[in-house]
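Coordinate inspection notes
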Amino acid sequence: MPRPDDAAAPVAARTADDPTADDPTAERPVRGAGGGDDVRRMARGGGLNIVGAAFSQGSLFVIMLVLALGTSGADVGRYSMCYALLTILTLVALGGVRATMTRFVAMRLADADPGAVRGTIRLGMGVAVGGSIAVSLALALLAGRVADLLQEPGLREGILLVALAVSAATVQGAALAATQGWRSQRAFTLIGQILDPGLRLVLTVLAVLLGYGLMGALWALVVSSWTAALLAVVVLVRRLRRVERARPTYTPRPMASFAVVSWGSTLATTGLVWTDTLILGHLASAEDVGTYTVATRLVGLAIFVLNPINSAFVPSVARLHHLGDRAGVDVAYGAANRWIIRLSAPAFVLLLVFPDDLLGMFSGGYASAAAVTVVLAVGQLANAAAGPCGSVLNMTGHVRLSLADNVAALVLNVVLNLLLIPRLGVLGAALAWTVSLVLVNGVKWLQVRRLLGIRATGTGTGATLVAVLPAAALAVGLGLVLDGAAAVLLVAAPAVLLVYVAILLLRGLEPDDRAMLDQVLRRGGRGRRGRSSEASTV
């Protein structure tokens, strides 16, 4: 296998796993400058996405906190089951359109083919709308049976509300994925990560304060989803007006081939995330689901940077691979890996040292989730260390390989859940999920490195370890004298972060790190320079 920086390797030498291999528009000359421009765009887009993801994850965390304090642990569990249904069924309705839209729009823009851009978006949105209607109707008709399966017959009305939200979430996902094909994250962040969760948070708090409880929170989910969907469509239409008018041309065969396999892969990945919640709902109690959800939301705060950086990485690696810039893929992969590890490291230190204290924010009813939190943190730490290896497989056309990995991990997760939950309860679900996540990320990392010959360049692992080890030692020392969530948040967290950042700064940041930091500090790149650097609009 030649190294990816071998410039003599043409794009035509794609494997049979690449569903665009028979697409005549996919043949492009080898060119590119090692991904420098793309990494700078990734830094700007990733910085913007991090601002949005921090807000999104924080909003979801506060929603769970409000429900835990204002309703009951059982209602937290019921909300989590409905949210899991919404997430999974939205992906079913999308039919692989989300990754397909981002990849093919990026490729057609790189080809400077306005007709293909228009055709790609029309075809993708048509599939998304049709799929959303079919899935919503099916769920509405089967709402009672689904509630019985989850051992919550009284949740039928909540599942009907999920059916209303599925269509909106599907349209929103497809439209925002298309805008990402322009290698701009602005619409994705402002609508999908700030407006939608922010409106949902405000409406949920109002619902709980007014005494509407769980049903009020689910209605908030419906209203925020539809508001964001309508705005996403408006933004996409405005973007298309900037594209040269041309008769739409369609490439259904390569798009369908990529979409079907990507769809299966994404469903398996999402199943890996949410299957334990649904199996817990079937084998255990709603209170157990609530406890598990609190732990997962807490751990999710540590890894919140993964999705925003991955979203900025996907269109760039699709473009670089399409243009044959294989060295650029190495550089982009390494930059994304570095950002994920460096930005999440301090949070993992706090989770592993202070799980009991952090869970205290949710009141004493969740003390049993401390061990679950630590186990889940280990799994997510492996996820962060592996970087966006799954996206490398998908965006280089190896979606079938990624599908096989994800299905195997999902099957393993289901089997382990069925074996461990009856014996260990929520801890068994955490162990099943962590084992599956560690194994699938290890396999994907090896495949990217050994089979594709792609190696992350410039991960800065040594510098990160030099910074994180003293910060971890400080956290352990503070753990001997501090007690309670307030002390951890007000004393330990700032101290750990200060030591970690100070050591990184003393060693010196890479130019791309400074670009991302600048974007975050400028709160989403609202400055003039950020506006002029992208042909984007909201």
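For the structure given in this document, a descriptive report is provided here. Because the structure is a prediction, the values reported are computed rather than measured.

About the cut-offs
- Numbering of residues begins from 1 in every chain and follows the order in which that chain's sequence is written.
- Where totals are concerned, whole chains, interfaces and linings use all residues; where local detail is concerned, this predicted model gives features only for residues with pLDDT of at least 70, and gives and counts side-chain atom pairs only at 80 or more.
- Note: side-chain values were computed over all heavy atoms of the structure, leaving out hydrogens and water.
- Here a salt bridge means any side-chain nitrogen of Lys or Arg lying within 4 Å of a carboxyl oxygen belonging to Asp or Glu.
- Helix and strand assignments come from DSSP, with helices taken as H or I runs of at least 4 residues and strands as E runs of at least 2, each series counted from the N terminus.
- Between buried and exposed lies partly exposed: a residue is buried under 20% and exposed over 50% of the maximum accessible area for its type, with that area taken using a 1.4 Å probe on protein chains only.
- As used here, the term nonpolar core means buried Ala, Val, Leu, Ile, Met, Phe, Trp, Tyr and Cys residues forming a set that is joined through side-chain atoms within 4.5 Å.
- Only heavy atoms matter for contacts: two residues are in contact if any of them lie within 4.5 Å across the pair.
- The patch calculation keeps residues exceeding 30% relative accessible area without a salt bridge and links them within 9 Å when they carry like charges or within 5 Å when they are nonpolar (Val, Leu, Ile, Met, Phe, Trp, Tyr).
- Here, Shrake-Rupley sampling with a 1.4 Å probe gives the accessible areas, and only protein chains in the shown set may cover a residue.
- Under the convention used here, Asp and Glu are negative, Lys and Arg are positive, and both His and the chain ends fall outside the count.
- Working definition for charges: the position is that of NZ of Lys, CZ of Arg, CG of Asp or CD of Glu.
- Expected span of a helix: the number of residues minus one, times 1.5 Å.

Focus: the pattern of salt bridges
The full count for this structure, using the stated rule, is 4 salt bridges. The shortest N-O distance in the salt bridge between Arg-78 and Asp-75 comes to 2.8 Å. Here Asp-75 and Arg-78 lie together in helix H2 (residues 73-94), a separation of 3 residues that amounts to about one turn. Residue classification places Arg-78 among the partly exposed residues on the basis of a relative accessible area of 23%. Here Asp-196 ties to Arg-200 by a salt bridge, and the two come within 3.2 Å at their closest N and O atoms.

A look at the nonpolar core
Soluble globular proteins tend to bury their nonpolar side chains together. Counting residues in hydrophobic clusters, the biggest one holds 121 residues, and the most contacted among them are Tyr-79, Ile-159, Tyr-292, Phe-354 and Leu-376. Considering every element that reaches this core, the biggest residue donor is helix H12 (residues 326-353), with 12 residues. Residues in contact with Ile-159, not counting those within four places in the same chain, are Leu-85, Leu-139, Ala-143, Val-146 and Ala-147. Counting 25 residues, the second-largest nonpolar core is a separate cluster that includes Leu-94, Val-97, Ala-178 and Phe-188.

What to know about a positive patch on the surface
A contiguous patch of positive charge, built from Arg-238, Arg-241, Arg-242 and Arg-245, is present on the exposed surface. Tracing the sequence through the fold places Arg-241 in helix H8 (residues 213-241).

Quick notes on a nonpolar patch on the surface
Residues Leu-164, Trp-219, Val-223, Trp-226 and Leu-230 make up a contiguous nonpolar surface patch of roughly 490 Å² in combined accessible area. At 4 residues, the largest contribution of residues to the nonpolar patch is made by H8. With respect to the element layout, Trp-219 can be found in helix H8.

Quick word on helix H18 (residues 461-479)
The end-to-end C-alpha separation of H18 is 26 Å, in line with the 27 Å expected for 19 residues at 1.5 Å each. All of the buried residues along H18 are Ala-463, Thr-464, Ala-467, Val-468, Ala-471, Ala-475 and Leu-478. Those residues of H18 that are buried lie in contact with H12 and helix H19 (485-507).

Thoughts on the environment of Leu-504
Here Leu-504 shows up in helix H19. Leu-504 sits 37 residues away from Ala-467 along the chain, and the two C-alpha atoms are 6.0 Å apart. The residues contacting Leu-504, other than those within four sequence positions of it, are Arg-342, Ala-463, Ala-467 and Leu-509.

Remarks on the environment of Tyr-250
Inspection of the secondary structure puts Tyr-250 in the loop between H8 and helix H9 (252-283). Judged by relative accessible area, which is 43%, Tyr-250 ranks as partly exposed. Here the alpha-carbon distance between Tyr-250 and Arg-122, two residues 128 residues apart in the chain, equals 8.8 Å. Leaving out residues up to four positions away in the same chain, Tyr-250 has contacts with Gly-119, Arg-122 and Leu-123.

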